[in-house]
Amino acid sequence: MKTKEPLIRLENLKKVYGEGDSQTTALLDVDFSINEGEFVAIMGASGSGKSTLLHILGFLDKQTSGIYYYGGKNNLHFSEPQLAALRNKELGFVFQAFHLLPKATVLENVLLPLAYSDEPESQWERLAREAISAVDLNHRVDHLAVSLSGGEKQRVAIARALVNNPSVIFADEPTGNLDSVSGKKVMEIIHKLNSLYKRTVILITHETSTAEHAERIIKIKDGRVVSDEAVKNRRAAEDDYSK
Amino acid sequence: MTLKQTFKIAAKSILAYRSRSLLTILGIVIGIASIILVTSISAGAADLILKQVRALGGKTMVIQPGQDPKGPGDFSELFTDSIKEKDYFFLNKEKKALDLLTVAPVILETLSVQKDNNFYRANVIGTTEEMPQILDVAPESGFIFSEEDVKAKASYAVIGDEVRQKLFPDSEALGQKIKIKGKNFKVIGVFPKKGQVGFLNLDEVIFVPYTTGMSYLFGRNYFNEIILEARDEKLVPSLAEDLKGVMRSLHDIKTIDPDKDDFHISTQQEALERVGMITDILTALLLAVAAISLVVGGIGIMNIMLVSVTERTKEIGLRKALGATNSDISLQFLIEAVLLTSAGGLVGILMGGGLSFLLSVILSFFLKLEWQFIFPYTGAVVGFVVSAGIGLLFGIYPARQAAAKNPIEALRYE
Ligand SMILES: Nc1ncnc2c1ncn2[C@@H]1O[C@H](COP(=O)(O)OP(=O)(O)OP(=O)(O)O)[C@@H](O)[C@H]1O
Ligand SMILES: [Mg+2]
């Protein structure tokens, strides 16, 4: 990396939901940076503010105060179409709850981000099939999303996040709803995205075993960063952590 | 996102909720169908009237009692008795000087006619021997009564084809007696089957000398109208003016004010103008009805689109998270609304066209009118454009609501 500027830099980030008596402070005084190509895991108890943080980082939401620099640019200075383009092309999002279109097929779900891209339409199906193949779901291409198992749904969500070839992958508890075998498969894919394809990966998990795929773990408690450390014994992609 | 893709998505979601989509567009369908129906009917009616007016010929003028009717609801001419025999006598006498070919008075009423046990309600017309000439018809057997017969109040009748069939189902009519209001008339002529000629159906008429009619049938001594034929079509406008002068002096009217006249003269030109007026009124009526139903339909569309936006909050959130811009989202819903209403418009046009066709068949078969089915192409184009426009107009608000959703809140929506 030539420049010193990190990909993501947060200064005193704060997020407050609601107003008056029903206010919840989800994030407070959050300061850290993430460099391009890094694999960072974010850990914390339920309700600690992990998803909130990821949504702000992924331009799906905005902070209440503080500054978020993305590639050196303040996130509040992007226009709405610019944000849409960023979400579409640079970022791939894997949600905690999959968020597939249930009545659409696997292929249609993966095609969705392409429809909003400037990729020529003639290439769409090829790209979508490649992404589906990368998560090993060729045999499910024409199945409806509702008919898939949890692990398969999560892999469709990953294929959808990958289809526009993003440089940053956000994954919110991608193994949270999966059994250990499916979880292992999903983590193997995500791990390789970082180690083989040099994508920046920001992963939320509450399992230490999953977090150890990352190079670095940021721990959050009640909206504050409580620790930020490098992983000493990083796992291999195929590591079996189900025990 | 390409427009083609947006259309595809919109079409898909319409088809996904087929029965709801159908119910949604019902208002638009009815609105557009009524536009088509009414335009078709008014075009058909105008066509029918024009045909009848033309059938009379451009040389024909009609003097009627009362002032020119001010509108379709003005029946004042029916209640005046100003056109009398002396008017007819004078006009007939001065025929040559006035450049007139024929002058025929008309007194008419629908009366029951009897032959033994057969009855028929015929259009009984008291007139002179010149009437058939104006209508350009002649009996197929027998003769028309003569000038002398009119003077002598002869009890002669010339009957139409339908009258003959009903009264003489299986015997010769000529020379037989028929009974009208208790008085015997001898059938001296039978018209061929001819149908509509000008304003009357020749098959349903009985011509009698007007003198006989006035004395024994109608119980009055004034005419419904006097029909005149000019020597040349070009003379009609100036002749109409001359005739006004003649009529005023005959009726002792000293002023040249149409509001003081107790008669009016219609020409083909004027009849055409009147048809135009009726069509205008129908069109205005149609516009009002259509506008109301379309606004109601549009509000229905807006309602359903708002429901649809709420129902699909999650989908909207997802699309935005994956890179849809606000305008992608609003366009998607706007196109959905426009597709819905245009589909409604198309269905309405087909339905209106079908109904008008059916009506034209009914009118021509059962009412024996020479009604022609006219498909209102302009009405169809306007109807389609308007229906699409309604979708656009009433789709804006729901589309904005959709676009304004925050992606994360939308994704959280259950
Ligand atoms: N839209 C919202 N409106 C109000 N409060 C919210 C909203 N989203 C999150 N919160 C609150 O903010 C806090 C942090 O929520 P967040 O979803 O970030 O937690 P999390 O760490 O992702 O938890 P989990 O592990 O259960 O997913 C919680 O107290 C939550 O109730
Ligand atoms: Mg969460």
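The preceding data block contains the structure.
Notes on the structure follow. (Residues numbered from 1 in each chain as written. Chains lettered and ligands numbered in written order. Predicted model: local features only at pLDDT ≥ 70, side-chain atom pairs only at ≥ 80, totals over all residues. Heavy atoms only, no water.)

### Let's talk about the interface of chain B and chain A
For step 1, the next point in the chain: With 23 residues of chain B at the contact, the number on the chain A side is 20 residues.
For step 2, the next point in the chain: Overall, the association of chain B and chain A removes approximately 2,000 Å² of surface from exposure, summing both partners, and the carbon and sulfur fraction of that is 60%.
For step 3, the next point in the chain: For the chain B face of the interface with chain A, the top three residues by lost area are Leu 318, Leu 322 and Ile 408 of chain B, together amounting to 31%.
For step 4, the next point in the chain: For the interface between chain B and chain A, the tally reads three salt bridges.
For step 5, the next point in the chain: Counting every contact that joins chain B to chain A gives six residue pairs in polar contact (both at pLDDT 80 or more).
For step 6, the next point in the chain: Per-element tally for the side of chain B that touches chain A: the top contributor is helix α10 (residues 313–321) of chain B, with six residues.
For step 7, the next point in the chain: Within the side of chain B that touches chain A, the residues separate by chemical class into eight nonpolar, seven polar and eight charged. (Contact = heavy atoms within 4.5 Å. Buried area = accessible area lost by both parts, 1.4 Å probe. Salt bridge = Lys/Arg side-chain N within 4 Å of Asp/Glu carboxyl O. Polar contact = N/O pair within 3.5 Å; in protein donor to acceptor, adjacent residues only side chain to side chain. Helix = DSSP H or I, 4+ residues; strand = E, 2+ residues; numbered from the N terminus. Nonpolar A, V, L, I, M, F, W, Y, C, P; charged D, E, K, R; others polar.)

### Some words on the coordination of the magnesium ion (ligand 2)
For step 1, the next point in the chain: Around the magnesium ion (ligand 2), the protein contributes the donor atoms Ser 51 of chain A (OG) and Gln 96 of chain A (OE1), which lie 1.9 to 2.6 Å from the metal centre. Taken together, the residues Ser 51 of chain A in helix α1 (residues 50–57) and Gln 96 of chain A in the loop between β6 (91–94) and α3 (106–115) connect sequence positions 45 residues apart. (Donors = N, O, S within 2.8 Å, 3.2 Å for Na, K, Ca; no water.)

### Notes on the pattern of salt bridges
For step 1, the next point in the chain: In the structure shown here, the tally under the stated rule is 28 salt bridges over all chains.
For step 2, the next point in the chain: The shortest N-O distance in the salt bridge between Glu 5 of chain A and Arg 9 of chain A comes to 3.5 Å.
For step 3, the next point in the chain: For Glu 5 of chain A, a relative accessible area of 31% corresponds to the partly exposed category.
For step 4, the next point in the chain: Of the residues examined, Arg 9 of chain A reaches a relative accessible area of 23% and is grouped as partly exposed.
For step 5, the next point in the chain: A salt bridge links Lys 192 of chain A to Glu 188 of chain A, with the shortest nitrogen-to-oxygen separation between them at 3.5 Å. Taken together, the residues Lys 192 of chain A and Glu 188 of chain A, both in helix α6 (residues 180–195) and four residues apart, mark about one turn of the helix.
For step 6, the next point in the chain: A residue is classified by how much of its surface remains accessible, and Lys 192 of chain A, at 28% relative accessible area, is partly exposed.
For step 7, the next point in the chain: Residues joined by salt bridges that share partners form a network here, namely Arg 312, Glu 315, Arg 319 and Glu 336 of chain B. (Buried < 20%, exposed > 50% of the residue type's maximum accessible area, 1.4 Å probe, protein only.)

### Regarding the packing of helix α1 (residues 3–16) of chain B against helix α11 (residues 326–366) of chain B
Residue and element names in this part refer to chain B.
For step 1, the next point in the chain: Following both chains from N to C, one finds α1 and α11 inclined at 60°, their axes separated by 9 Å at the closest point. In terms of axis orientation, α1 runs oblique to α11. Between α1 and α11 lies a crossing of right-handed hand. Along the contact surface, α1 presents Leu 3, Thr 6, Phe 7, Ile 9, Ala 10, Ala 11, Ser 13 and Ile 14, while α11 presents Leu 331, Gln 332, Ile 335, Glu 336, Leu 339 and Leu 340. (Axes fitted to C-alpha atoms, helices over the stretch in contact; angles between N-to-C directions. Parallel < 35°, antiparallel > 145°, perpendicular 65-115°, else oblique. Left-handed = near helix turned anticlockwise from the far one by under 90°.)

### Quick notes on the side chain of Glu 152 of chain A
All names here are of chain A.
For step 1, the next point in the chain: Secondary-structure assignment places Glu 152 in helix α5 (residues 150–162).
For step 2, the next point in the chain: A polar atom in the side chain of Glu 152 sits 3.0 Å from the backbone nitrogen of Ser 149.
For step 3, the next point in the chain: Excluding residues that lie within four positions of it along the chain, Glu 152 makes contacts with Leu 137, His 139 and Arg 140.

### Thoughts on empty space enclosed by the protein
For step 1, the next point in the chain: Within this structure, the stated rule accounts for three cavities of 30 Å³ or more.
For step 2, the next point in the chain: Its volume calculated, the largest cavity comes out at about 100 Å³.
For step 3, the next point in the chain: Surrounding the largest cavity, 14 residues form its lining, Arg 87, Leu 91, Gly 92 and Phe 93 of chain A together with Leu 322 of chain B being those nearest its centre.
For step 4, the next point in the chain: Listed by contribution, the elements that provide at least two residues to the lining of the largest cavity are α2 (80–89), β6 and α5 of chain A.
For step 5, the next point in the chain: By residue number, the principal contributor to the lining of the largest cavity is β6 of chain A, which donates three residues.
For step 6, the next point in the chain: Its residues assigned to classes, the lining of the largest cavity shows eight nonpolar, four polar and two charged.
For step 7, the next point in the chain: If you go around the second largest cavity, the residues you meet are Ser 13, Ile 14, Tyr 17, Arg 20, Ser 21, Thr 24, Ile 304, Ser 308, Arg 312, Glu 336 and Leu 340 of chain B.
For step 8, the next point in the chain: Mapped onto the lining of the second largest cavity, the elements with two or more residues apiece are α1, α2 (18–56), α9 (268–311) and α11 of chain B.
For step 9, the next point in the chain: With three residues, α2 of chain B is the single largest residue contributor to the lining of the second largest cavity. (1 Å grid on protein atoms, 1.4 Å probe; cavity = no way out; pocket = protein on both sides within 12 Å on 5 of 7 lines; lining within 4 Å. Points joined across faces, edges and corners; volume = space filled by probe spheres on them.)

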